[in-house]
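Descriptive structure summary
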Amino acid sequence: MQMQSSRQGDNLYVYLAGELDEHSVSEMRAQADRVIDEHAGLSRAIFNLAGVKFMDSTGIGFLIGRYKKLRQYGMAMYLENPNAGADKILSLSGVYSLMPKI
Amino acid sequence: MRLKFLSRSENEVFARNAVAAFALPLNPSLAEISDVKTAVSEAVTNCIVHGYAKGEGWIEIACKTEDGCLFVEIADEGRGIENVEEALTPFYTTLAEEERSGMGFTIMQTFMDGFSVHSVPGGGTVVKMSKKFGAQAESDAR
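Residues numbered from 1 in each chain as written. Chains lettered and ligands numbered in written order. Predicted model: local features only at pLDDT ≥ 70, side-chain atom pairs only at ≥ 80, totals over all residues.

Quick look at the overall build of chain B
Along its length, chain B carries 5 helices and 5 strands. In sequence order, chain B lays out its α and β elements as β-α-α-β-β-α-α-β-β-α. With the principal axes as the frame, chain B shows a C-alpha extent of 45 × 30 × 25 Å. Here chain B holds 142 residues, and 37% of them are scored as buried. Sequence separation of 24 or more characterises 64% of the internal contacts of chain B that already satisfy a separation of 6 or more. (Helix = DSSP H or I, 4+ residues; strand = E, 2+ residues; numbered from the N terminus. Buried ≥ 20, exposed ≤ 12 C-beta atoms within 10 Å, placed from the backbone. Contact = placed C-beta atoms within 7 Å.)

Structure below.
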């Protein structure tokens, strides 16, 4: 699992790549939270999932955890480019009502 | 196929890929394979974070194919589930503080055709799932 981030204007872009499961998520949480802390005060965080080849409900938990952290900073969260498999579990779990797909 | 491995999270990726590879002769679609991998990953995650929450233990996966259908059994000898009905409720989790979504069993039920869970508190849990490949293609063709 790999993560990269960049700032574009008022937006924080987070690019996730690899397989989002119990193993990778436990390594990824602290790194993601550090990036969010560094960009506190921006309006939006957009998580780009184009590189995510696999995701299970642990990945859903990870995204909801980051959503809660962003909300403390008053930042909105969005998701973009999930593959078909990720899109299926994101839809099923109702995550898009918290972090819309753009 | 029988597969036995320790409840370490780094084993999840090969467990789900092994079941997917086993199912390949049945000619599943990419979407069907993705469903199987996700369901297996959910069951194995449960063994690791719930069944063996306080340590390490063995997880055993048994697979067979029959009439174009994949059957998967995933078993642990961990602490078991006190109330299975409650555990099956969407969004129910005993580990909310760990960012758990509570969607594991719901995903297994939704992504597979057959699903059952048998658990003995203190004695372990067995999840049985099955999936008929080509079911979507058949209904599309009609």
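Next comes the rest of the description.
Some thoughts on the interface of chain A and chain B
Each side of the interface is counted separately: chain A has 19 residues, and chain B has 20 residues. Among the elements of the structure, α1 (22-38), α2 (57-72) and α3 (84-92) of chain A are those that each provide at least two residues to the side of chain A that touches chain B. In terms of residue count, α2(A) provides more of the side of chain A that touches chain B than any other element does, 7 residues in total. Each residue belonging to the side of chain A that touches chain B can be placed in one class, and the counts come to 7 nonpolar, 8 polar and 4 charged. (Nonpolar A, V, L, I, M, F, W, Y, C, P; charged D, E, K, R; others polar.)

Re the confidence of the model for chain A
Low pLDDT marks stretches whose predicted atomic positions should not be read closely. For chain A, the mean per-residue pLDDT works out to 95, and 100% of the residues sit at or above 70. When pLDDT is averaged over each element of chain A, strand β4 (residues 76-80) of chain A comes out on top at 98 and α1(A) at the bottom at 92. (pLDDT = per-residue confidence, 0-100.)

Overview of the pairing of strand β3 (residues 44-55) of chain A
Residue and element names in this part refer to chain A. Judged from the 9 bridges that link them, strand β2 (residues 11-20) and β3 form a sheet pairing that is parallel. Looking at the pairing, asparagine 11 lines up with arginine 44 of β3. With α1 bridging β2 and the parallel β3, this β-α-β connection has right-handed handedness. Here β3 runs beside β4; their pairing, made up of 5 bridges, is parallel. Each bridged residue has a counterpart across the sheet, and for arginine 44 the counterpart in β4 is alanine 76. (Pairing = 2+ DSSP bridges. Right-handed = clockwise from strand over helix to strand, strands pointing away.)

A short note on helix α4 (residues 104-111) of chain B
Among the 8 residues of α4(B), 6 are classified as buried, and the element is accordingly described as predominantly covered. Against α2 and α3 of chain A together with α2 (30-51), α3 (84-87), β4 (114-120) and β5 (124-132) of chain B lie the buried residues of α4(B).

Looking at the nonpolar core
Considering soluble globular proteins, one finds that nonpolar side chains tend to be buried as a cluster. Judged by nonpolar contacts, the single largest core of 53 residues is most densely connected at B:Ala39, B:Val40, B:Ile74 and B:Met108. It is α2(B) that provides the largest number of residues to this core, a total of 8 residues. (Core = buried A, V, L, I, M, F, W, Y, C linked by C-beta atoms within 7 Å.)

So, the sheet that holds β4(B)
Residues and elements named next belong to chain B. The antiparallel open sheet is built from 5 strands, whose spatial order is β1-β2-β3-β5-β4. The open sheet is flanked by β1 (2-6) and β4, the only strands paired with a single partner. Recorded for the sheet is a direction-independent mean angle of 15 degrees between the axes of neighbouring strands. Across 7 bridges, the pairing between β4 and β5 is antiparallel. Paired with phenylalanine 115 across the strands is methionine 129, a residue of β5. Packing of helix α1 (residues 12-23) onto the sheet brings it into contact with β1, β2 (58-66) and β3 (69-76), and relative to β2 it is tilted by some 15 degrees. The sheet strands contacting α2 are β2, β3 and β5, and the helix crosses β3 at an angle near 10 degrees. (Axes fitted to C-alpha atoms, helices over the stretch in contact; angles between N-to-C directions.)

What to know about the environment of B:Asp35
Residues and elements named next belong to chain B. Inspection of the secondary structure puts aspartate 35 in helix α2. For the pair aspartate 35 and methionine 108, spaced 73 residues apart in sequence, the C-alpha to C-alpha distance is 8.5 Å. For aspartate 35, the residues in contact, after removing those within four places along its chain, are Phe111, Met112 and Lys131.

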